[in-house]
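# Residue-level structural notes
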Amino acid sequence: MRSSLTWITGVTCMFAVAVTGCSAQTGSTSAHASYAPDYAPDYAPYVSATETSATDSAGSPATYNLAFVISGGGDCTPKWNGTEAIGDSAVKSRISRLKRDGATVRVSFGGASGKELAATCGSASALAAAYAKALDAAGSTQADFDIEGDELTDSGSVALRSKAIARLQRERPDVEVSFTLPVMPSGLDADGLALLESANTYDVQVSTVNVMTMNYGESYTGDMGDYALTSAKAAHAQLKKVFGLSDADAWRGMALTSMIGVNDVDGETFTLSDAAQVRKFAEEKEIAWVSMWSSFRDRQCADGESDQDDAATDCSGVSQSSGAFGERFSG
């Protein structure tokens, strides 16, 4: 059974979140011609789960990706940023404020720092329970797994994670799963593809594959908007193959996340015009959602914050008005 087959309300769909129409009982998707010509992908920025930013709501996001839930203290206890209790009252209040205008929240597990829970939990049942606890704390049925660095190359934790997610979805059929993975202009690397194949093996129902169009390496000094589109096209061909999808459904099962402004790699700067370029492409291809790292960086650096380290952490490193990237990504 392929992991891209998901049951919703008695109908089988490939990439259930991404497909608008299905043929009841047959398991086949409806024609792409039914999609509206004015399709608008959701805007879903990454936000801090623990700290409020004045630019969080710029662009009126449909969904907020809450970054990040990881292991607290190297065990199977989920914590926000590895430090704050999963039931922390201040975080719960923050989440309530984010939802106030109708937005949903997606809990993002993993990220570039700390220990992802799959590396510290001892069994699939314990790992599934940790994921469930975080989702319940956020009042969410959307789980994002941002897997990169050492966690992506650890085949043991990759398999354990797949088993746990499959178990979670058997217990909670309404849980929607996205994988956030690094990408190059040539597409997903072998480790990213192996993770998706692992999801297939254990029958994980994947709604979206979110590719991180950023930090390609020092040899990539060209236009970051063009690189984002090239990367998306390469990943699209891979998703068609891995999940057995049509051309249209592979686009609808994809999301794009860019690192705004100055990236972690010298010579890579993602501009406001690049954001508009990515948004237009996402509309044309009917991509599921677009995102950015991150809402709290969506402001111009103040005096004394202009070096690369400060820009990567707290601000964009380019000239802009506060919230300008959010406005461009939201269309």
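Just so we're clear, the structure is a prediction, and the values are computed from it rather than from any experiment.

## Some thoughts on the overall build of the protein chain
When helices and strands are counted, the protein chain shows 10 helices and 15 strands. Within the span of the protein chain, comprising 331 residues, buried residues form 54% of the whole. Considering only contacts in the protein chain between residues 6 or more positions apart, those separated by 24 or more positions represent 71%. Carbon and sulfur atoms provide 48% of the accessible area of the protein chain, an area that totals close to 13,100 Å².

## Points about the layout of surface pockets
Looking at the largest pocket, its volume works out to about 750 Å³. Lining the largest pocket are 34 residues, and of these Ala67, Phe68, Ala112, Trp293 and Phe296 lie nearest its centre. Looking at the lining of the largest pocket, the elements that each hand over two or more residues are strand 4 (46–48), strand 5 (63–71), strand 10 (176–182), strand 12 (254–259) and helix 9 (308–314). Taken together, the residues of the lining of the largest pocket break down into 16 nonpolar, 13 polar and 5 charged. Its volume calculated, the second largest pocket comes out at about 260 Å³. Surrounding the second largest pocket, 14 residues form its lining, Ser57, Tyr64, Arg97, Leu98 and Asp101 being those nearest its centre. Tallied by class, residues from the lining of the second largest pocket come to 4 nonpolar, 5 polar and 5 charged.

## Focus: the packing of aromatic side chains
On inspection of all chains with the given rule, the structure shows 14 aromatic pairs. Where Tyr46 meets Phe68, the ring centres are 6.2 Å apart and the plane angle is 40°; that geometry is what we call tilted. Remark: Phe68 occurs in strand 5 and Tyr46 occurs in strand 4; sequence separation between them is 22 residues. Judged by centre distance (5.5 Å) and plane angle (85°), the ring pair of Trp293 and Phe296 falls under edge-to-face. With relative accessibility at 22%, the residue Phe296 sits in the partly exposed group. Through successive ring pairs, a cluster of aromatic residues spans Tyr46, Phe68, Trp293 and Phe296. The ring of Trp289 carries the charged tip of Arg106 above its face, separated from the ring centre by 4.1 Å.

## Focus: the side chain of Ser294
Mapped onto the elements of the fold, Ser294 is located in the loop between strand 15 (289–293) and helix 9. If near-sequence neighbours (up to four positions away) are discounted, Ser294 is found in contact with Tyr46 and Ile260.

## Some details on the state of the cysteines
Applying the stated criterion to the full structure yields 2 disulfides. The side chain of Cys76 participates in a disulfide bridge whose partner is Cys121; the two sulfur atoms lie 1.9 Å from each other. Residues Cys76 and Cys121 are joined by a disulfide whose S-S torsion is about 95°; by sign, that bridge is right-handed. Of the two residues, Cys76 sits in the loop between strand 5 and strand 6 (78–80) while Cys121 sits in the loop between strand 8 (104–110) and helix 2 (124–138), which places them 45 residues apart along the sequence.

## A short note on the nonpolar core
Trp80, Tyr131, Phe179, Leu196 and Phe329 are the most contacted members of the largest nonpolar core, which has 80 residues in total. Looking at this core element by element, the count peaks at 10 residues for helix 2. The residues touching Phe179, leaving out its near neighbours within four places in the chain, are Asp144, Phe145, Ile165, Leu195, Leu196, Ala199, Val204, Val206, Thr208, Val209 and Asn210.

## Points about the pairing of strand 15
For strand 15, the tally of buried residues reaches 4 of 5 residues, placing the bulk of the element in the interior. Judged from the 2 bridges that link them, strand 3 (residues 42–43) and strand 15 form a sheet pairing that is parallel. For Asp42, the partnering residue across the bridge sits in strand 15 and is Trp289. Relative to strand 15, strand 12 is paired through 5 bridges, and the arrangement is parallel. The residue bridging Met259 from the neighbouring strand is Trp293, located in strand 15.

## Looking at helix 2
If you check helix 2, its first and last C-alpha atoms are 21 Å apart, about what 15 residues at 1.5 Å a residue would give, namely 21 Å. Listed in full, the buried residues belonging to helix 2 are Ala124, Leu127, Ala128, Ala130, Tyr131, Ala132, Ala134, Leu135, Ala137 and Ala138. Against strand 5, strand 6, helix 1 (89–99), strand 8, strand 9 (142–146) and helix 4 (155–171) lie the buried residues of helix 2. Backbone geometry just after helix 2 places Gly139 at a positive phi near 65°.

## As for helix 6 (residues 224–243)
Taking 1.5 Å as the rise per residue, helix 6 with 20 residues should run 28 Å; its terminal C-alpha atoms sit 28 Å apart, in good agreement. Among the 20 residues that make up helix 6, 14 are buried, leaving the element largely enclosed by the rest of the structure. Measuring from the backbone nitrogen of Gly225 back to the side-chain oxygen at the start of helix 6 gives 3.0 Å, which picks out Asp223 as the cap. Just downstream of helix 6 lies Gly244, where phi reads positive at about 65°.

## So, unusual backbone geometry
Cis geometry is found at the peptide bond from Ala67 to Phe68, where omega equals -15°. If you check the backbone angles, Ser60 has positive phi at about 50° while not being a glycine. Along the chain, Ser60 turns up in the loop between strand 4 and strand 5. Despite not being glycine, Glu286 shows a phi value in the positive range, around 60°. Mapped onto the elements of the fold, Glu286 is located in the loop between helix 8 (272–285) and strand 15. On the basis of relative accessible area, Glu286 is assigned to the buried category, the value being 9%.

Cut-off values and rules
- Residues numbered from 1 in each chain as written.
- Predicted model: local features only at pLDDT ≥ 70, side-chain atom pairs only at ≥ 80, totals over all residues.
- Heavy atoms only, no water.
- Helix = DSSP H or I, 4+ residues; strand = E, 2+ residues; numbered from the N terminus.
- Buried < 20%, exposed > 50% of the residue type's maximum accessible area, 1.4 Å probe, protein only.
- Contact = heavy atoms within 4.5 Å.
- Areas by Shrake-Rupley, 256 points an atom, 1.4 Å probe, with all protein chains shown as cover.
- 1 Å grid on protein atoms, 1.4 Å probe; cavity = no way out; pocket = protein on both sides within 12 Å on 5 of 7 lines; lining within 4 Å.
- Points joined across faces, edges and corners; volume = space filled by probe spheres on them.
- Nonpolar A, V, L, I, M, F, W, Y, C, P; charged D, E, K, R; others polar.
- Phe/Tyr/Trp six-rings, centres within 6.5 Å; stacked < 30°, edge-to-face > 60°.
- Lys NZ or Arg CZ within 6 Å of the ring centre and 35° of its normal.
- Disulfide = S-S within 2.5 Å.
- Core = buried A, V, L, I, M, F, W, Y, C linked by side-chain atoms within 4.5 Å.
- Pairing = 2+ DSSP bridges.
- Expected span 1.5 Å × (residues − 1).
- Polar contact = N/O pair within 3.5 Å; in protein donor to acceptor, adjacent residues only side chain to side chain.

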